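# Per-entry structural report
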Amino acid sequence: GTPAALTEDLRVIGEADRQLNSLQAWLDREVEDQGWTPEVRDAALRGEELAARKVELASRAYDVVDAAVHLVDEEMRILERAMASRGLALDAQASQDVPDVRRCRSSAASALSPEEELAVDPREPRYCVCDNVAYGSMVACDNDECQVGWFHWACVKITAPPKGQWLCPWCR
């Protein structure tokens, strides 16, 4: 999974989207005018194959990005340990100002709708006191040993990034 391969996969997904939209419009017209002719059935099967390929590419892209994020997370842990062994620490406020793009789906979101919850990848990690996936504004517990790590602002009753060190309800 190189960046070039990921870019190509995303380009192919976009092209497949355009083809599927065009095919769907054609199928709608043909079915209305002529019914389910053999030509329409064949086109519908091609559409199903294209949609399956699109899902396969999207899943592969997710896995590539997820693996890269895990590598970055591990590098951050190594860096934090190395800094701590030298008596240094990352600036907690600066690290809270950087959004965790992997975990926060939308800064405007405050909760997942039932439809969104059903669409969540079962491999997606769970966080917070609510044991839900990440979404919206989140805060990290500054205790390196915290078992949960990330919390939704609303669940821990905060409305702005904490100033200085912040500990979750379990680590206080």
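Reference entry: report on the structure contained in this document. Small disclaimer: the values here were computed from a predicted structure and weren't measured. (Residues numbered from 1 in each chain as written. Predicted model: local features only at pLDDT ≥ 70, side-chain atom pairs only at ≥ 80, totals over all residues. Heavy atoms only, no water.)

## Side note on the environment of Asp66
Positionally, Asp66 belongs in helix 2 (residues 38-85). Residue Asp66 is classed as partly exposed on the basis of its relative accessible area, which comes to 22%. Taking the C-alpha atoms as reference points, Asp66 and Glu124, 58 residues apart in sequence, are found 9.7 Å from one another. (Helix = DSSP H or I, 4+ residues; strand = E, 2+ residues; numbered from the N terminus. Buried < 20%, exposed > 50% of the residue type's maximum accessible area, 1.4 Å probe, protein only.)

## Some words on the packing of aromatic side chains
Following the criterion strictly, the structure yields two aromatic pairs and no others. Plain terms: the ring middles of Phe151 and Trp166 are 5.7 Å apart, the flat faces sit at 65° to each other, and that makes the pair edge-to-face. Of the two residues, Phe151 sits in strand 2 (residues 150-152) while Trp166 sits in the segment after strand 2, which places them 15 residues apart along the sequence. With relative accessibility at 0%, the residue Phe151 sits in the buried group. (Phe/Tyr/Trp six-rings, centres within 6.5 Å; stacked < 30°, edge-to-face > 60°.)

## Some points on unusual backbone geometry
In this structure, Asp131 is a non-glycine residue whose phi angle is positive, near 55°. Mapped onto the elements, Asp131 comes out in the loop between helix 4 (114-119) and strand 1 (138-140). One non-glycine residue, Lys157, adopts positive backbone phi at about 55°. Among the secondary structure elements, Lys157 is positioned in the segment after strand 2.

## Notes on the nonpolar core
With 14 residues, the main nonpolar core has Val139, Cys141, Phe151, Trp166 and Cys168 as its most contacted residues. Core analysis: the next-biggest nonpolar cluster, separate from the first, contains five residues, Leu23, Leu27, Val40 and Ala44 among them. (Core = buried A, V, L, I, M, F, W, Y, C linked by side-chain atoms within 4.5 Å.)

## A short note on the packing of helix 1 (residues 3-34) against helix 2
Following both chains from N to C, one finds helix 1 and helix 2 inclined at 155°, their axes separated by 9 Å at the closest point. Considered as vectors, helix 1 and helix 2 are oriented roughly antiparallel to each other. Handedness of the helix 1/helix 2 crossing: left-handed. Of the residues that constitute the contact of helix 1 with helix 2, the class distribution is 20 nonpolar, two polar and six charged. (Axes fitted to C-alpha atoms, helices over the stretch in contact; angles between N-to-C directions. Parallel < 35°, antiparallel > 145°, perpendicular 65-115°, else oblique. Left-handed = near helix turned anticlockwise from the far one by under 90°. Nonpolar A, V, L, I, M, F, W, Y, C, P; charged D, E, K, R; others polar.)

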